[in-house]
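Descriptive structure summary
If you want the building blocks of each chain, they are given just below.
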Amino acid sequence: MITIFRTRKSKVFTTIAVILIIVAAILYKLADRYLIEHVEVKVTSNTSITQGTSTGTSSGSGSGTSSNTTPDSGTSSGTTASTTTSSDAESDDWNYKDDNETISIKKVETGSGSAMITYYVADVMFNSKMNLLAAFAKDSFGTNITQNTSTIAANNNAVFAINGDYYGFRSNGVVIRNGTVYRDEPARIGLALFNDGTMKSYDEEETSTDDLLAQGVTNAFSFGPALVTDGEVAGDFSHVEIDKNFGNRSIQNSNPRTGIGMISANHYVFVVVDGRSNGYSRGMTLTEFADLFKELGATEAYNLDGGGSSTMYFMGRVVNNPLGKGNERGVSDIIYIPQS
């Protein structure tokens, strides 16, 4: 009887040990996939890429911005309007200008109550050279490597920055940064920025990275969807999924948003929408986001990583209010503009 009891007890302990080993293996696999940093390439500090001079550069700022515009960032404490002038640049809390680039930011509020939306529009013009760069968190390409947008921006002496495509959350897509191919796993509709000051969405599975580089691509991002193509809203956004990995969900409903649009060569518009905050901003649907870019005059526009990642940085501060809580979420990369 004692022998039988010991045998059963031993089997129970063996079963528990096996279960614990399996659970530990699963937890490690999840941590390895979503938490543990994996550095594949260390990247040297970015420097401005020489771009081609574009003709036909538009003048003025984007149209269609709501008249309910306020000069308040909503997040910075004790910030007052100020103007800084140097031999190279002039700037205040919402504007920057030097010999090559002009940046103007507006905060827009529409609706009221639970329908209120708060978003930020940055109108950017380059005179002769597109100075739009990208940077990785911790100057490293890999997975699970993150820093706040403001930290990456400050480390790269950025005047202006937004979060990028959060390439580090997935293992596929085409990732080209500042002329270098870091990942070539076609999966979705991507965004290409060209050295002539233009941008275009493209099918990653139909265009090779060799072709992209031959066409003068400097940066390629993989998120989406495309919002505006050839001056028209890109299509139906009733059900959109970007990833097929753990935690993926459709993204067409009201959410915080980050997007980039081109009005004409060397004339860009960036939009960051706050969201998930009752009474401050509900966010935007993809359809609303696409319509906004079209109203702003964008001929091309593309959706980047949103949610808690959505961040706009300007002159040393975060101008929007991520998730209505003022807390940034770490991201894997940014798009930024340095001083010329």
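Below you will find a few notes about this structure.

What to know about the overall build of the protein chain
Scanning the protein chain from terminus to terminus reveals 4 helices and 23 strands. For the protein chain, buried positions account for 49% of its 340 residues. In the protein chain, of all internal contacts separated by at least 6 residues, the share reaching a separation of at least 24 is 72%. About 15,400 Å² of surface is accessible on the protein chain, with carbon and sulfur atoms providing 52% of the total.

Description of a negative patch on the surface
A contiguous patch of negative charge on the surface is contributed by Asp184, Glu185, Asp210 and Asp211. When residues of the negative patch are traced back to their parent elements, those giving at least two are β12 (180-185) and α3 (209-214). As for its position among the elements, aspartate 184 is in strand β12.

A word on the sheet that holds strand β21 (residues 312-314)
Taken together, 5 strands build an open sheet; the order of strands is β8-β23-β10-β21-β22 and the sheet is antiparallel. Whereas interior strands pair on both sides, the edge strands pair on one side only; in this sheet they are β8 (133-136) and β22 (317-318). Relative to strand β23 (residues 333-338), β8 runs antiparallel, the two sharing 4 bridges. Looking at β23, one finds that leucine 133 is bridged to tyrosine 336.

Points about the nonpolar core
By size, the foremost hydrophobic cluster in this structure holds 56 residues, and its most contacted members are Leu132, Phe160, Ile260, Tyr268 and Val271. For this core, the leading source of residues is strand β7 (residues 117-126), giving 7 residues. Listed in part, the 13 residues of the second largest apolar core include Leu133, Ile145, Ala161 and Tyr166.

Quick word on the packing of aromatic side chains
Under the criterion given, the structure shown has 9 aromatic pairs. Pairing phenylalanine 289 with phenylalanine 293 gives two aromatic rings, centres 5.1 Å apart and planes at 75°, and the pair type is edge-to-face. Taken together, the positions of phenylalanine 289 and phenylalanine 293, both in helix α4 (residues 286-295) and 4 residues apart, correspond to about one turn of that helix. Looking at phenylalanine 293, the relative accessible area reads 0%, which means it is buried. Aromatic rings pair up to connect Phe136, Phe141, Tyr167 and Tyr182 into one cluster. The residue whose ring lies beneath arginine 317 is tryptophan 94, and the NZ or CZ to ring-centre distance is 4.8 Å.

A few points about the environment of aspartate 88
By secondary structure assignment, the location of aspartate 88 is in the loop between β3 (84-85) and β4 (89-91). Among all residues touching aspartate 88, those that are not within four sequence positions of it are Lys97, Asp98, Asp99 and Gln339.

Details of the pattern of salt bridges
Enumeration according to the criterion identifies 7 salt bridges in this entry. When the shortest N-O distance is used, the salt bridge between arginine 177 and aspartate 165 registers 3.0 Å. Of this pair, arginine 177 sits in strand β11 (residues 173-177) while aspartate 165 sits in the loop between β10 (158-163) and β11; the two residues are 12 residues apart in sequence, bridging distant segments of the chain. When the shortest N-O distance is used, the salt bridge between arginine 282 and glutamate 288 registers 2.7 Å. Exposure remark for arginine 282: the relative accessible area of 26% places this residue in the partly exposed category. Under the relative-accessibility criterion, glutamate 288 is labelled partly exposed at 28%. Through salt bridges with shared partners, one network takes in Asp165, Arg177 and Asp333.

Cut-off values and rules
Residues numbered from 1 in each chain as written. Predicted model: local features only at pLDDT ≥ 70, side-chain atom pairs only at ≥ 80, totals over all residues. Heavy atoms only, no water. Helix = DSSP H or I, 4+ residues; strand = E, 2+ residues; numbered from the N terminus. Buried < 20%, exposed > 50% of the residue type's maximum accessible area, 1.4 Å probe, protein only. Contact = heavy atoms within 4.5 Å. Areas by Shrake-Rupley, 256 points an atom, 1.4 Å probe, with all protein chains shown as cover. Patch = residues over 30% accessible without salt bridge, like charges linked within 9 Å, V, L, I, M, F, W, Y side chains within 5 Å. Salt bridge = Lys/Arg side-chain N within 4 Å of Asp/Glu carboxyl O. Lys, Arg positive; Asp, Glu negative; His and termini not counted. Charge placed at Lys NZ, Arg CZ, Asp CG, Glu CD. Pairing = 2+ DSSP bridges. Core = buried A, V, L, I, M, F, W, Y, C linked by side-chain atoms within 4.5 Å. Phe/Tyr/Trp six-rings, centres within 6.5 Å; stacked < 30°, edge-to-face > 60°. Lys NZ or Arg CZ within 6 Å of the ring centre and 35° of its normal.

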